[in-house]
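Summary of structural features
Here's the letter readout for the chains.
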Amino acid sequence: MVVIITATKFRKVDAASTMHESIDAVPFKSVLHLSDFSPCSDHGLEYAVAVARAHRAKLFVLHVVIPDALTYMSGDVLTVALDIQERAAREQMQKLERRLDGVPYATFVVRDNTVWPSVAAKLVELRTDLLVLGTGGRTGHGKPFLGSVAGTILRLSPIPVMSVGAEAPSRM
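What comes next is a walk through the structure. (Residues numbered from 1 in each chain as written. Predicted model: local features only at pLDDT ≥ 70, side-chain atom pairs only at ≥ 80, totals over all residues. Heavy atoms only, no water.)

1. A look at the packing of aromatic side chains
Within the structure shown, the criterion is met by 1 aromatic pair. Of note, Lys 122 hangs over the ring of Phe 108, and the distance from its end group to the ring centre comes to 3.8 Å. (Phe/Tyr/Trp six-rings, centres within 6.5 Å; stacked < 30°, edge-to-face > 60°. Lys NZ or Arg CZ within 6 Å of the ring centre and 35° of its normal.)

So this is what it looks like as structure tokens:
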């Protein structure tokens, strides 16, 4: 079940009719998907792609490379460790791009100490209308994505956020 929010009311619809019935309600021109490359994040990507297609919007995918604890312990080789993390993220992003055929898109891999500042900057830079993320994924060393990253985004985002849970239907 998906809840559609229009300017004045809430209504529940099934997932199959969601995209077609909501297109006129809120026209999205720019959709940003936040990815940590987890299965839950990939599930959120399915929805981001569907929204972008339905609205003929441009899709942006962002991954933020956060130094893990081992990176900080590496001392003088911090830059080398971050380079390795970033290279691995770029390889994952290339694999993800194969699933974006037929949708205008751009992908970004950036480095930061936390996720929100990079997301906030991209929201402004890209004039994003909707932020999509999969919840229930993992980031870092077993840190819950919903508890730390998604929770922060839901609280701070100045634009609508679509949070796609692991139990959301797999096909639109």
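Now that the structure has been shown, the text picks up again.
2. Section: the pairing of strand β3 (residues 30-34)
Most of β3 is tucked away: 5 of the 5 residues are buried. Note on the crossover from β3 through helix α2 (residues 39-55) to strand β4 (residues 58-65): the handedness is right-handed. Sheet topology places β3 next to strand β6 (residues 130-134); 4 bridges connect them, and they run parallel. By the bridge assignment for β6, Val 31 is matched with Leu 130. (Buried < 20%, exposed > 50% of the residue type's maximum accessible area, 1.4 Å probe, protein only. Helix = DSSP H or I, 4+ residues; strand = E, 2+ residues; numbered from the N terminus. Right-handed = clockwise from strand over helix to strand, strands pointing away. Pairing = 2+ DSSP bridges.)

3. Describing the pairing of β6
Counting buried residues along β6, 5 of its 5 residues qualify, which places the element largely inside the surrounding structure. Burial of the side chains of β6 extends over both faces: Leu 130, Val 132 and Gly 134 are buried on one face and Leu 131 and Leu 133 on the other. Bridge analysis of β6 against strand β9 (residues 161-164) gives 4 bridges, and the strand direction is parallel. Each bridged residue has a counterpart across the sheet, and for Val 132 the counterpart in β9 is Met 162.

4. Quick notes on helix α5 (residues 115-125)
Looking at α5, one finds that the buried residues are Val 115, Trp 116, Ser 118, Val 119, Lys 122 and Leu 123. Seen from one end, α5 has its buried residues packed into an arc of 165°, which puts them on one side. Away from its buried face by more than 90 degrees, α5 exposes Val 124 and Glu 125. At the exit of α5 stands Arg 127, carrying a positive phi of roughly 50°. (Arc of directions from axis to C-beta.)

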